[in-house]
Amino acid sequence: MMLPDVHQQACHGDQCNYFSGMVGSGKLKKRKLRLATAQVPVSLGRKDIIMAEEPSEEKGPPALKFELEKETELRFEVDSAQSVQLELLSGMAEIFGTELTRNKRFTFDAGCKVAVFTWHGCSVMLSGEPEVAYVSKDTPMLLYLNIHTALEQMRRQAEKEDERGPRVMVVGPTDVGKSTLCRLLLNYAVRVGRRPTYVELDVGQGNVSIPGTMGALYIERPADVEEGFSVQAPLVYHFGSTTPGTNIKLYNKLTSRLAEVFNQRCEVNRRASISGCVMNTCGWVKGSGYHALVHAASAFEVDVVVVLDQERIYNELKRDLPHFVRTVLLPKSGGVVERSKDFRRECRDERIREYFYGYRGSFYPHAYDVRFSDVKIYKVGAPAIPDSCLPLGMSQEDNQLKLVPVTPGRDMVHHLLSVSTADSTDENIVETSVAGFIVVTSVDPERQVFTVLSPAPRPLPKGILLIMDIRFMDLK
């Protein structure tokens, strides 16, 4: 199957080869898989846009009704301190690959940026006051659907030949829609009966867990329209920062560890192996960030790299990756919005708050004291020191993976701590997954205790804690 070059039109019928090679089970094979007529997974969703205002039955802002033609999408953004409700009145539509249920109201809170796409035409109602709402005919959804169709053909080929399915890496700078494309491809795969693995390498977002972590999630059902994917049993590793550049050696080490664990799962789970994985990456694409992308592609032995909106990265990856890796450049959606640093920080805080309090405050976390003597706290990575001060034969990089003991003190307040699953310091703690997270709310040196906020009641499951650079202040 051959993914189209830079601006190739979407394929129809049997006229397009969509990836011309793949690697499976360590063997290189030349394959030509023809793209069949683009198959919409289950039922997916233009009528020229007729926008009409209808007064709401109750007092409040008027409701907006939109008539969408086939292959168009309604884009809207929710302002801060507002919420907007969406209802599908007729036809079929989806949000990032998840089908909407007719006559059910979906609520989107402050800061949400949503695209309602329809393949066949639909009628929707918006209640509330969105910051902006408009209908667009200019959408790359057909190209994205072709990617899904090509990947599904690779999975069917893998089933026939008893090999592994496609492994896809989505790359691009910040704010081009990488996470959205990952979600869409995963949803489409699940809707045709696959069980792909979502690999999160973007430590700044934490879609699988919280910011400052890397992880993987076995996807068994489409993402919820409001809440996203169910994260009941993710595999999560502690990184400790929202920027890979703070410890690039640790970042690459954890990438390799994730690939190793994923390969082990594929060996024992045939369905996971055939379904493959979709990898989301950081928006840091220059210098060491680019080298980290190449390392991730190598570690996971990716078959397909989808580059969003960056021709330079596309050409560099075409040059540096093996010939059997299919690299394709796709445009970003016109609905993608650039996010400010403040907005990113708010999103990170909200993600952490959701971990402790649940979606829209549905959980009640526990607060309790932990004795200094009951735990051992470490920071991964020693501070940089001049090369002349290093022991003979030791490099600066060696310090990046070193565990540095941390003495509990008042400077720990508001810091997040990862609870390692390691039983003792004899284990490789850096490459050991974490069981969960707590946040320090106060420290009492005189009593030798610190108070934590925890999603589970006492006691802590393990006594080895890893401190993050990330702070969380519970102000709401």
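Criteria and cut-off values
Residues numbered from 1 in each chain as written. Predicted model: local features only at pLDDT ≥ 70, side-chain atom pairs only at ≥ 80, totals over all residues. Heavy atoms only, no water. Buried < 20%, exposed > 50% of the residue type's maximum accessible area, 1.4 Å probe, protein only. Helix = DSSP H or I, 4+ residues; strand = E, 2+ residues; numbered from the N terminus. Pairing = 2+ DSSP bridges. Axes fitted to C-alpha atoms, helices over the stretch in contact; angles between N-to-C directions. Contact = heavy atoms within 4.5 Å.

Asks: Can you break down the pairing of strand E25 (residues 449-454) residue by residue, with the values?
Replies: Burial analysis of E25 places 6 of its 6 residues in the buried class, which makes it a mostly covered element. Taking every second residue as pointing to the same face, both faces of E25 are buried, with Val449, Thr451 and Leu453 on one and Phe450, Val452 and Ser454 on the other. Of the strand pairs in this sheet, strand E20 (residues 366-371) and E25 are connected by 6 bridges, and their pairing is antiparallel. Its bridge partner being in E25, histidine 366 is matched across the sheet by serine 454. Pairing analysis gives 5 bridges linking strand E24 (residues 434-444) to E25, with the strands arranged antiparallel. The residue bridging valine 443 from the neighbouring strand is phenylalanine 450, located in E25.

Asks: An account of the sheet that holds strand E26 (residues 464-471) is requested, with residue identities and associated values reported.
Replies: Across the sheet, 7 strands lie side by side as E20-E25-E24-E23-E26-E21-E22; this open sheet has mixed pairing. Edge positions in the sheet fall to E20 and strand E22 (403-405), since each has one partner strand and no second. Strand-to-strand twist across the sheet, computed as the mean angle between neighbouring axes with direction ignored, equals 40 degrees. Both strand E23 (residues 415-420) and E24 contribute to a ladder of 5 bridges, which runs antiparallel. Directly across from serine 420, in E24, lies its bridge partner valine 434. Here helix H7 (residues 341-357) sits on the sheet in contact with E23, E24, E25 and E26, set at roughly 100 degrees to E24.

In short, shape yes, function no, at least from these values alone.
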